[in-house]
Amino acid sequence: MMDFSDALRAIKAGHRLARAGWNGKGMFVFQVAGSRFRVNRPPLLGIYPEGTEITYQPHIDMKTADGSVVPWQPSQSDMAAEDWEIVA
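As a starting point, this report considers the structure included with it. The structure presented is a predicted model; accordingly, all values stated were derived computationally and were not measured.

Rules used throughout
- Residues numbered from 1 in each chain as written.
- Predicted model: local features only at pLDDT ≥ 70, side-chain atom pairs only at ≥ 80, totals over all residues.
- Heavy atoms only, no water.
- Helix = DSSP H or I, 4+ residues; strand = E, 2+ residues; numbered from the N terminus.
- Rg over C-alpha atoms; globule rule 2.2 N^0.38 Å.
- Contact = heavy atoms within 4.5 Å.
- Areas by Shrake-Rupley, 256 points an atom, 1.4 Å probe, with all protein chains shown as cover.
- Lys, Arg positive; Asp, Glu negative; His and termini not counted.
- Charge placed at Lys NZ, Arg CZ, Asp CG, Glu CD.
- 1 Å grid on protein atoms, 1.4 Å probe; cavity = no way out; pocket = protein on both sides within 12 Å on 5 of 7 lines; lining within 4 Å.
- Points joined across faces, edges and corners; volume = space filled by probe spheres on them.
- Nonpolar A, V, L, I, M, F, W, Y, C, P; charged D, E, K, R; others polar.
- Core = buried A, V, L, I, M, F, W, Y, C linked by side-chain atoms within 4.5 Å.
- Buried < 20%, exposed > 50% of the residue type's maximum accessible area, 1.4 Å probe, protein only.
- Salt bridge = Lys/Arg side-chain N within 4 Å of Asp/Glu carboxyl O.

### A few points about the overall build of the chain
Looking only at helices and strands, the chain features two helices and seven strands. Across the chain, helices and strands are ordered from the amino to the carboxyl terminus as α-β-β-β-β-β-β-α-β. The C-alpha atoms of the chain give 16 Å as radius of gyration, which overshoots the globular expectation for 88 residues (12 Å, by more than 25%). In terms of overall dimensions, the chain has C-alpha extents of about 45 × 25 × 25 Å along its principal axes. Excluding contacts between residues fewer than 6 apart, the proportion of contacts in the chain whose partners are at least 24 apart in sequence is 56%. Taken as a whole, the chain presents about 6,000 Å² of accessible surface, with 53% of it coming from carbon and sulfur. In the chain, 9 side chains carry a positive charge and 10 a negative one; their mean positions are 6 Å apart.

### Side note on the layout of surface pockets
Considering only enclosed or pocket space, the largest pocket measures out at about 160 Å³ in volume. Lining the largest pocket, in full, are Phe37, Arg38, Val39, Asn40, Arg41, Pro42, Pro43, Leu44 and Tyr56. Split into classes, the residues belonging to the lining of the largest pocket amount to six nonpolar, one polar and two charged.

### Remarks on the nonpolar core
Counting residues in each nonpolar core, the largest one holds 16 residues, and the members touching the most others are Met2, Leu17, Trp22, Val29, Met62, Trp72 and Trp84. Of all the secondary-structure elements, those providing two or more residues to this core are helix 1 (4-12), strand 1 (16-19), strand 2 (28-32) and strand 5 (59-63). In terms of residues, this core owes the most to one element, helix 1, which gives four residues. Here Met2 is in contact with Ala7, Ala10, Leu17, Ala81, Glu82, Asp83, Trp84 and Ile86, once residues within four sequence places are set aside.

### Topic: the pattern of salt bridges
Evaluated as defined, the whole model comprises five salt bridges. Notably, a salt bridge pairs Asp6 with Arg9, separated by 2.8 Å at the nearest N-O pair. One end of the pair is Asp6 and the other is Arg9, both in helix 1 and three residues apart, which spans about a single turn. Residue classification places Arg9 among the exposed positions, given a relative accessible area of 53%. Between Arg19 and Asp78 there is a salt bridge, with the nearest N and O atoms lying 3.0 Å from each other. A residue pair is termed long-range when its members are at least 10 positions apart, and Arg19 in strand 1 and Asp78 in helix 2 (residues 76-80) qualify at 59 residues. A network of salt bridges, in which partner residues are shared, links Arg19, Asp78 and Asp83.

The structure is reproduced here in structure tokens:
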């Protein structure tokens, strides 16, 4: 088990992490690497002209219990928790 500081370092190192206290099966968070690409489809097409080069910043996503992937923002409970674990 680890605290959030250790968990964040592990996420940045490429590990998948979950909390023992989460009640959804199969849920975990992971870092999405940054990248650069050219806009060629919605929703960015319509915000930027086609072909505009975009910098996609690294961020953390969550695989949810239903198998979806969503952007993730830690709650205060997540940040105070000491039940973080690396997921195989």
